[in-house]
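Report on the structure
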Amino acid sequence: MSEVLVVIDHADGEVKKPTYELLTIARRLGEPSAVFFGASAQGDAVAEKVKAYGAEKVYVVDDAELKGYLVAPKAEALQQLVEKSSPAAVLIPSTFEGKEIGARLAIKIGSGLITDAVDVQEGPVTTQSVFAGNYTVTAKVTQGTPIITVKPNSAAPEESAGAGAVEAFAPTISDAAKTAQIIASQPRKSTGRPELTEAAIVVSGGRGTGGNFEPIEAFADSLGAAVGASRAAVDSGWMPHAFQVGQTGKTVSPQLYVANGISGAIQHRAGMQTSKTIVAVNKDEEAPIFELVDFGVVGDLHTVLPAATEKVTQRKG
C-alpha cells in the first residue's frame, strides 16, 4: 500500500484536531505517514497521539534550523521527503502557511496542487466549494504527486491503531530558503475559545447586534464554540478583523454555524455556506440568510440568545 504523507498541525507539540481529520482521510488513499516539524524531543509524544489515528510512521524533522524563517525551508524539507518516500499524495492543513508550503512544494516537484478541499476520496478525488461558494466541484491532480490542502472539519476523526514508528529526517536546507527571516512575532492572546477556522461550532454576530456582542459570546461559551463576525460588524469597529467570516475574511466549515443579526449577503455566505448545519436568528423574516439555513428563528437576538444560553446551561448542569 502506498504511503500518504500528512503534515501535522500543532502548537508546540500539542496536536490539533485537523491533523486527526487528515489522517482519517489519508487512510482512504493509502498508508498514512505523519510529518512533524518541531523539537526532536517532542517526537515520541507526538507519535503516541497520531498513531491512534492510523499513522504507521512519523517523520520527525527537527525545526531548530527552520523555525526562524518563513515557509521556504519547510517546503524544501517536504520536497526531499517526497523524493525519498515517493508517496501517493501529500495532505496539508489548509492554513495560510499550509497553502503557501503546498504551492512551493508543487513547483519544486512539478506536481499539481489542489487547495481548500472539503472532501477527499479514493483517487484521490477532491471536492471544493468555488466561485464564492456558489458551486461545488470535484477535481483530480493529473501530473505528479497530488498535493492537497484540506479545510478543517472536512472529515470526522476516526481512531485506527497504527505502528507510529518514529524516524528522524534531516533535510539539507539551502541558503536561498533562508532569505526571509522572522525577526519578531506577537503571540495572539488566547480567548479560551476554539480557533475560528478549526471550531466544530461557530456563533457569529452582525449588524443586528448593534455592537453588543455579549449575547453572542455568552451563547458561544455555553456551546464551547468560536465567535465570528460579519463584515458589517468588523467595519463598524465592533470586532477585530481576525473574527471576520466571509469572502474577505476567514472561511469556516463547522458542524454547526449560528448566524445572529446577519442579513446573509453573498460576501458573508461565501465564508460559511459549506457548514454542515446552519441556524439563523434575525428580526427580518425577509433576510436573505433564511434562504440558506436549515433552521431559522425570526426574533430579536438579544431576546432569543439569552434564553437559548440559559437552556443550554441548564442541560449541561
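Description of the structure in this document. (Residues numbered from 1 in each chain as written. Predicted model: local features only at pLDDT ≥ 70, side-chain atom pairs only at ≥ 80, totals over all residues. Heavy atoms only, no water.)

Some thoughts on the overall build of the protein chain
Our working definition: Strands are runs of DSSP state E lasting at least 2 residues, helices are runs of H or I lasting at least 4, and numbering of each runs from the N terminus. C-alpha atoms define the radius of gyration, and 2.2 Å times the number of residues to the power 0.38 defines the globule rule. Note on definitions: a residue-residue contact is assigned when non-hydrogen atoms from the two residues lie within 4.5 Å. Where accessible areas are quoted, they stem from the Shrake-Rupley method and a 1.4 Å probe; at the residue level, only the protein chains shown are allowed to cover.
Scanning the protein chain for helices and strands turns up 8 helices and 16 strands. A compact globule built from 317 residues should have a C-alpha radius of gyration of about 20 Å, and the protein chain, at 21 Å, falls within 12% of that. By principal-axis analysis of the C-alpha atoms, the protein chain measures approximately 60 × 40 × 40 Å. Taking as baseline every contact in the protein chain between residues at least 6 positions apart, the subset at least 24 positions apart corresponds to 66%. With an accessible surface of roughly 14,900 Å², the protein chain has 50% of that area assigned to carbon and sulfur atoms.

What to know about the environment of Gly 264
The condition is simple: With a 1.4 Å probe rolled over the protein chains alone, any residue whose accessible area is under 20% of its type maximum counts as buried; one over 50% counts as exposed, and the rest are partly exposed.
Looking at the secondary structure, you find Gly 264 in the loop between strand E14 (256-260) and helix H7 (266-269). Given a relative accessible area of 2%, Gly 264 falls into the buried group. In this structure the C-alpha to C-alpha distance between Gly 264 and Phe 290, which are 26 residues apart in sequence, comes to 7.8 Å.

A word on the nonpolar core
One recurring pattern in soluble globular proteins: nonpolar side chains tend to sit buried together. What counts, and what does not: Think of a nonpolar core as a cluster: buried Ala, Val, Leu, Ile, Met, Phe, Trp, Tyr and Cys residues, connected wherever their side-chain atoms sit within 4.5 Å.
Counting residues in each nonpolar core, the largest one holds 28 residues, and the members touching the most others are Val 50, Val 58 and Leu 91. Secondary structure elements with two or more residues in this core: strand E1 (3-7), helix H1 (17-29), strand E4 (31-38), helix H2 (43-50), strand E5 (57-62), strand E6 (89-93), strand E7 (113-121) and strand E10 (147-150). Here this core takes 6 residues from H1, the largest share from any one element. Setting aside anything within four residues of it in sequence, one finds Leu 91 in contact with Val 4, Leu 5, Val 6, Val 7, Leu 22, Ile 25, Ala 26, Leu 29 and Ile 148.

A word on the packing of helix H5 (residues 214-223) against helix H8 (residues 301-316)
Defined as follows: Whenever a helix is involved, its axis is fitted only over the stretch in contact; in every case the axis is a line through C-alpha atoms, and angles between N-to-C directions fall within 0 to 180 degrees. Oblique is the label for every angle not falling under 35 degrees (roughly parallel), over 145 degrees (roughly antiparallel), or within 65 to 115 degrees (roughly perpendicular). Rotating anticlockwise by less than a right angle from the far helix to the near helix defines a left-handed crossing, while the corresponding clockwise rotation defines a right-handed one.
Between H5 and H8, whose axes approach to 9 Å, the crossing angle comes to 20°. It follows from the interaxial angle that H5 and H8 lie roughly parallel. At the point where H5 passes H8, the crossing takes the left-handed sense. Packed against H5, whose contacting residues are Pro 215, Ile 216, Ala 218, Phe 219, Asp 221, Ser 222 and Leu 223, the element H8 presents Leu 301, His 302, Leu 305, Ala 308, Thr 309, Val 312, Thr 313 and Lys 316 at the interface.

A few points about the packing of aromatic side chains
Rules: Pairing of aromatic side chains requires ring centres within 6.5 Å, counting the rings of Phe and Tyr and the six-membered ring of Trp. Pairs whose planes differ by under 30 degrees are stacked, by over 60 edge-to-face, and all others tilted.
Summed over the entire model, instances satisfying the criterion amount to 1 aromatic pair. On the basis of an interplanar angle of 25° and a centroid distance of 4.2 Å, the ring pair of Tyr 20 and Tyr 53 is categorised as stacked. Linking Tyr 20 in helix H1 with Tyr 53 in the loop between H2 and E5, this pair joins segments that are 33 residues apart in sequence. Judged by its relative accessible area of 15%, Tyr 53 falls in the buried class.

Description of the side chain of Ser 85
Note the following rule: Pairs of N or O atoms within 3.5 Å make up the polar contacts considered here, provided that, within protein, one atom can donate a hydrogen while the other can accept it, and that residues adjacent in sequence are counted only when both atoms are side-chain atoms.
Structurally, Ser 85 is set in helix H3 (residues 72-85). Looking at Ser 85, the relative accessible area reads 16%, which means it is buried. Separated by 2.8 Å, the side chain of Ser 85 and the backbone oxygen of Leu 81 make a polar contact. In contact with Ser 85, not counting residues within four places along its chain, are Glu 3, Leu 5 and Tyr 59.

Some points on the sheet that holds E14
Applied cut-off: Paired strands are those between which DSSP finds at least two bridges.
The sheet built from 5 strands is open, its strands ordered E13-E12-E14-E15-E16 with parallel pairing. Each having just a single partner strand, strand E13 (226-229) and strand E16 (295-298) make up the two edges of the open sheet. In this sheet, adjacent strand axes meet at a mean angle of 15° when their direction is disregarded. Where E14 lies against strand E15 (residues 277-282), 5 bridges are found, and the strand directions are parallel. Its bridge partner lying in E15, Val 258 is registered against Val 279.

What about the sheet that holds E1?
Strand order in this open sheet of 9 strands is E9-E8-E7-E10-E6-E1-E4-E5-E11, and the pairing throughout is mixed. Each edge of the sheet is formed by a strand with only one pairing partner; in this case those strands are strand E9 (135-139) and strand E11 (165-168). On average, each strand axis in the sheet is inclined to that of its neighbour by 35°, with strand direction left out of account. Strand direction decides the pairing type here: E7 and E10, joined by 3 bridges, are parallel. When the sheet's bridge partners are listed, Ala 117 is paired in E10 with Val 150.

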